[in-house]
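Below are the chains, spelled out letter by letter.
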Amino acid sequence: MNDAALLQLTSWLSPSFPVGAYSYSHGLEWVVQNGEICDVASLVDWLSVCVRVGSGRTDAIVLAEAYRLAGVADAAGLAELNDLACALSPGLERHLETTAQGQAFCRVGAQVWPLTESSLAPVTPAYPVAVALWAQAHDCPLRQTLVLYLHAFAANLVSAAVRLVPLGQTDGQRALAALADAVLTCAETALTASPDDLGGAALRADLACMHHESQYTRLFRS
């Protein structure tokens with residue numbers, strides 16, 4: 001991986017990239033209020049499931065397949081995959097979470113790092129599809145893209161938990177370090193997976209997102 005590609009990936013998946021990731025908790029806000037996450041250990045347990053068998057895994061498989069389809073300029077295949085990715089969002093706010101970030105990523109990316117094949121981008125892209133399009137077009141290796149995408153996914157949720165529980169910044173870093181194995185394992189799995197392997201088992205996390213929609217007071221959009 002060359003330095004230019006590394007810098008691009010780091011920029012795209014940094015908390016400073018303006019996709020609004022900080023405004024989503026992925027249902028954590030309801031879980032914390034419900035008392036299921038109260039310390040580092042319970043946070044790591046919850047997020048490990050999200051990464052290994054939840055939306056982290058789903059996003060990684062979608063990203064890998066979108067990367068491959070973009071490589072052969074299969075616009076029809078990308079559109080179908082994107083529809084599937086959006087349909088897999090369990091609930092209104094999770095759908096908003098992926099599509100709003102996907103649209104924001106494409107909007108900023110088009111202004112700073114334009115796509116040669118801009119027609120490949122779906123009108124309402126899911127976030128992992130948007131990242132895959134830019135990574136493939138700018139020669140960012142798939143493996144590293146998956147690792148950094150999943151790391152950013154975990155880091156954003158740890159950051160939300162630091163504010164919600166609350167946890168200290170050092171505890172946030174402990175949690176992120178403890179999630180490294182889940183991130184790396186999920187990325188490795190996604191490299192050889194296909195859409196036929198899509199599916200999850202993080203039912204409690206999905207229900208938390210649905211409960212969050214009617215939570216009385218909220219800091220986050222999901």
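Refer to the structure printed above.
Residues numbered from 1 in each chain as written. Predicted model: local features only at pLDDT ≥ 70, side-chain atom pairs only at ≥ 80, totals over all residues. Heavy atoms only, no water.

Student: Quick question: what am I supposed to make of the pattern of salt bridges here?
Tutor: Where charged atoms of side chains with opposite charge meet at close range, the side chains can pair. This structure, assessed with the given rule, holds seven salt bridges. Its salt-bridge partner being Arg204, residue Glu36 comes within 2.6 Å of it at the nearest N-O pair. Taken together, the residues Glu36 in the loop between helix H2 (28-33) and helix H3 (40-53) and Arg204 in helix H11 (residues 203-212) connect sequence positions 168 residues apart. Exposure remark for Glu36: the relative accessible area of 27% places this residue in the partly exposed category. Between Arg52 and Asp181 there is a salt bridge, with its nearest N and O atoms 2.9 Å apart. Within this pair, whereas Arg52 is found in helix H3, its partner Asp181 is found in helix H10 (residues 180-192), the two being separated by 129 residues in sequence. (Salt bridge = Lys/Arg side-chain N within 4 Å of Asp/Glu carboxyl O. Helix = DSSP H or I, 4+ residues; strand = E, 2+ residues; numbered from the N terminus. Buried < 20%, exposed > 50% of the residue type's maximum accessible area, 1.4 Å probe, protein only.)

Student: Help me understand the nonpolar core, please; the structure alone is not making it clear to me.
Tutor: What tends to happen in soluble globular proteins is that the nonpolar side chains get buried as a cluster. Grouped together as the largest cluster of nonpolar side chains are 78 residues, with contacts concentrated most on Trp12, Trp46, Phe105 and Leu146. Top element by residues in this core is helix H8 (residues 142-164). It accounts for 13 residues. Discounting chain neighbours no more than four positions away, the residues touching Trp46 are Leu28, Val31, Glu36, Ile37, Arg204, Ala205 and Ala208. (Core = buried A, V, L, I, M, F, W, Y, C linked by side-chain atoms within 4.5 Å. Contact = heavy atoms within 4.5 Å.)

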